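# Topology and contacts: notes
One letter stands for each residue in the lines below.
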Amino acid sequence: MTTEHSEDPQRQRLREQLEAIHIRTEKATSWHDEAGRLRGLLNNDGYVPVRTKLAGEDLDFLGDARDTLLTFAELGLRLLDLHQPRDAGGITSDTAHPILRCRSCMWRWPCPTFRAMSESFGTPRVPSPA
Ligand SMILES: [Zn+2]
């Protein structure tokens, strides 16, 4: 395995796209606290008239945020479908807890992909400082 210099171009392109999304998202302002404050201002029609200043980085993020999130959610669901446990078969002394393996990557369950997803989505995000 000599991969350092010759990463698969498709893999490299994917990495660059993901890094670009990450950088664009990091630069955008978090709306977490502001959304909470604005929620209290909803009018009877269910809207809040907003006047705000948006930085260029915020517009970059907002312009693609919906599509990007939909893509990520779809990716997550596809990974979840791919990486699920199955009985590994064979003889075990503990019939109540049979050895399970991932049906896709064959690692012992929970596989690294599922664990990475659990760690990413299972932990609530700490709100960024205002
Ligand atoms: Zn797996």
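Here the structure is shown first, and the text comes after it.
Read on for a plain summary of the structure.

Rules of the game
- Residue numbers restart at each chain and count upward from 1, following the sequence in its written direction.
- The predicted nature of this model means local features are confined to residues of pLDDT at least 70 and side-chain atom pairs, given and counted, to a pLDDT of 80 or more, with totals for whole chains, interfaces and linings taken over all residues.
- Every helix listed is a DSSP run of H or I at least four residues long, and every strand listed is a run of E at least two residues long, numbered separately from the N terminus.
- Burial is judged by counting other C-beta atoms within 10 Å of a residue's own C-beta: 20 or more means buried, 12 or fewer means exposed, and anything between counts as partly exposed, with every C-beta placed from the backbone.
- Here the contact rule is simple: place C-beta atoms from the backbone, and any two residues whose C-beta atoms are within 7 Å are in contact.
- The axes are straight lines fitted to the C-alpha atoms, using for helices just the contacting stretch, and the angles between their N-to-C directions are given from 0 to 180°.
- Small angles under 35 degrees read as roughly parallel and large ones over 145 as roughly antiparallel, with 65 to 115 read as roughly perpendicular and the rest as oblique.
- Helix crossings fall into two classes, left-handed where the near helix is turned counterclockwise from the far one by less than a right angle and right-handed where it is turned clockwise.
- Note on residue categories: nonpolar means Ala, Val, Leu, Ile, Met, Phe, Trp, Tyr, Cys or Pro, charged means Asp, Glu, Lys or Arg, and polar means any other residue, Gly included.
- To estimate the expected span of a helix, subtract one from its residue number and multiply by 1.5 Å.
- Working definition for bend: take the seven residues up to and ending at a residue and the seven starting at it, fit an axis to each, and measure the angle between the axes.

A separate point is the overall build of the chain. Counting secondary structure elements, the chain contains four helices and two strands. The secondary structure elements of the chain, listed N-terminal to C-terminal, are α-α-α-β-β-α. Scored against the burial criterion, the 130 residues of the chain give a buried share of 4%. The long-range fraction of contacts in the chain, counting pairs at least 24 apart against all pairs at least 6 apart in sequence, stands at 41%.

Attention shifts here to the packing of helix α1 (residues 9-27) against helix α3 (residues 56-82). Taken N-terminus to C-terminus, the directions of α1 and α3 make an angle of 125°; their axes are 8 Å apart at the nearest point. In terms of axis orientation, α1 runs oblique to α3. In this structure, α1 meets α3 at a crossing whose hand is left-handed. Contact residues: α1 offers I21, R24, T25 and K27, while α3 offers E57, D60, F61 and T68. Each residue belonging to the contact of α1 with α3 can be placed in one class, and the counts come to two nonpolar, two polar and four charged.

Its 19 residues place the ends of α1 27 Å apart at the C-alpha level, agreeing with the 27 Å of an ideal helix rising 1.5 Å per residue. Summarising burial for α1: zero of the 19 residues are buried, a small minority.

Moving on, we get to unusual backbone geometry. Residue P110 is reached from W109 by a cis peptide bond, and omega for that bond is 0°. Positionally, P110 belongs in the loop between β2 (100-102) and α4 (112-122). With a phi angle near 70°, M106 is a residue other than glycine that sits in the positive phi range. Tracing the chain through its elements places M106 in the loop between β2 and α4.

Now for α3. Each full turn of the α-helix corresponds to 3.6 residues, which orients residues three or four apart in the same direction. The end-to-end C-alpha distance of α3, which contains 27 residues, comes to 38 Å, matching closely the 39 Å that a straight helix rising 1.5 Å per residue would cover. By the largest-angle criterion, A65 marks the main kink of α3, which is about 55°. The element α3 is largely exposed, with a buried count of one among its 27 residues.

Let's shift gears to the environment of T113. Within the secondary structure, T113 sits in helix α4. Judged by C-beta crowding, with 16 C-beta atoms within 10 Å, T113 ranks as partly exposed. For T113 and H83, which are 30 residues apart along the polypeptide, the C-alpha to C-alpha distance reads 7.1 Å. Excluding residues within four positions of it along the chain, T113 makes contact with L79, H83 and C105.

So, about the environment of M106. The class for M106 is exposed, based on 11 C-beta atoms found within 10 Å. Considering only alpha carbons, one finds M106 and R86, 20 residues apart in sequence, at a separation of 9.2 Å.

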